[in-house]
Amino acid sequence: MPMLLDVAGTTATITISNPAKRNIMSLDMWRALPGLLDGLAADPGVRALVLTGDGDTFCAGADIAGMTDPATGSALIQSAAVEAEEALAAFPKPTLAAIRGFCVGGGCQLAAACDLRFAAEGARFGVTPARLGIVYAASSTRRLVALVGPAAAKHLLFSAELIGDERALRVGLVDEVLPDGDALRKRVEEFTAVLAARSLLTQAAAKEFAALDAATTEARTEHWARQAKLSGDTAEGVAAFLEGRDPRFGWTMR
């Protein structure tokens, strides 16, 4: 079952495609994601990444039932899922999950690893390891707590209940809710075009700073100050603002 990749203009879209099973992720699919991300990170033409699901479902979780030995398979999948999640979280350019329908288990894990999450009305969310007796990975737990806060994270993890789009928006699990699937598509296209028009230097530095602890911030602050000085993006941005034109930012990933 594939992870489909499409690059249109400056936006890359990875589509989770297993529609017969609500886009559940097989072990091979989990393992394929980091390699796809590496290639897109190195592509200077890609300015934003969208992760979505085929059809009317984002992703209903991991395909544990498809393993010959479900108990052993769950451990393999969890390891691969964490690796994929960490690769997605570390992707150096803006990432956005475009969510329709079910976003459950491993699907919610992937969505939480994106920078932003836009959902169509009717989307349903759940973090479900408590249904299977699985210890949710420490890194995944911390990411969920950082996203929605301790109380909401505990509600999701303890109960494994599904929540609707309104509650997901209220607790911060999603950033925007759109009226329907077509509105979601249009909004994602519009927003990624906005991202591409902004400074990748600013975006990359902000993304890294948001993930850093205080102990490593100083060295990276100096790094990004050098990047800003060498790139000329700040001078270009200020000049464009004063001249009333769109800026032409030149900094790219190296």
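Residues numbered from 1 in each chain as written. Predicted model: local features only at pLDDT ≥ 70, side-chain atom pairs only at ≥ 80, totals over all residues. Heavy atoms only, no water.

**What to know about the environment of alanine 123**
Structurally, the position occupied by alanine 123 is in the loop between strand E6 (116–120) and strand E7 (124–126). The spacing of alanine 123 and alanine 137 is 14 residues in sequence and 24 Å in space, taken between C-alpha atoms. (Helix = DSSP H or I, 4+ residues; strand = E, 2+ residues; numbered from the N terminus.)

**Describing the pattern of salt bridges**
Side chains that differ in charge, positive against negative, can pair when their charged atoms come close. Here the structure, examined in full by the defined rule, presents 13 salt bridges. We note a salt bridge from arginine 143 to glutamate 85, for which the minimum N-O separation is 2.5 Å. Of this pair, arginine 143 sits in helix H4 (residues 138–148) while glutamate 85 is found in helix H2 (residues 70–90), placing the two residues 58 residues apart along the sequence. For glutamate 85, a relative accessible area of 1% gives the class buried. As a salt-bridge pair, arginine 220 and glutamate 208 come within 2.4 Å of each other at their nearest N and O atoms. Taken as a pair, arginine 220 in helix H9 (residues 214–231) and glutamate 208 in helix H8 (residues 200–211) lie far apart in primary sequence, 12 residues in all. For arginine 220, a relative accessible area of 27% gives the class partly exposed. Residue class for glutamate 208 comes out partly exposed when judged on its relative accessible area of 22%. (Salt bridge = Lys/Arg side-chain N within 4 Å of Asp/Glu carboxyl O. Buried < 20%, exposed > 50% of the residue type's maximum accessible area, 1.4 Å probe, protein only.)

**Section: the pairing of strand E2 (residues 11–16)**
Summarising burial for E2: five of the six residues are buried, a large majority. The turn joining strand E1 (residues 3–8) and E2, which pair antiparallel and follow one another in sequence, is formed by two residues; a positive phi near 65° is taken by glycine 9. Once you follow E2 into helix H1 (residues 27–41) and on to strand E3 (residues 48–53), the crossover reads as right-handed. (Pairing = 2+ DSSP bridges. Right-handed = clockwise from strand over helix to strand, strands pointing away.)

**A look at the side chain of asparagine 23**
Along the chain, the position of asparagine 23 falls in the loop between E2 and H1. Within polar-contact distance, the side chain of asparagine 23 engages the backbone oxygen of isoleucine 16 at 3.5 Å. If sequence neighbours within four positions are ignored, asparagine 23 has contacts with Ile16, Ser17, Asn18, Gly53, Asp54, Thr57, Phe58, Cys59, Ala60 and Gly61. (Polar contact = N/O pair within 3.5 Å; in protein donor to acceptor, adjacent residues only side chain to side chain. Contact = heavy atoms within 4.5 Å.)

**So, a nonpolar patch on the surface**
Taken together, the side chains of Val238, Phe241 and Leu242 present a nonpolar region at the surface, about 380 Å² in accessible area. For leucine 242, the position within the fold is in helix H10 (residues 233–243). (Patch = residues over 30% accessible without salt bridge, like charges linked within 9 Å, V, L, I, M, F, W, Y side chains within 5 Å. Areas by Shrake-Rupley, 256 points an atom, 1.4 Å probe, with all protein chains shown as cover.)

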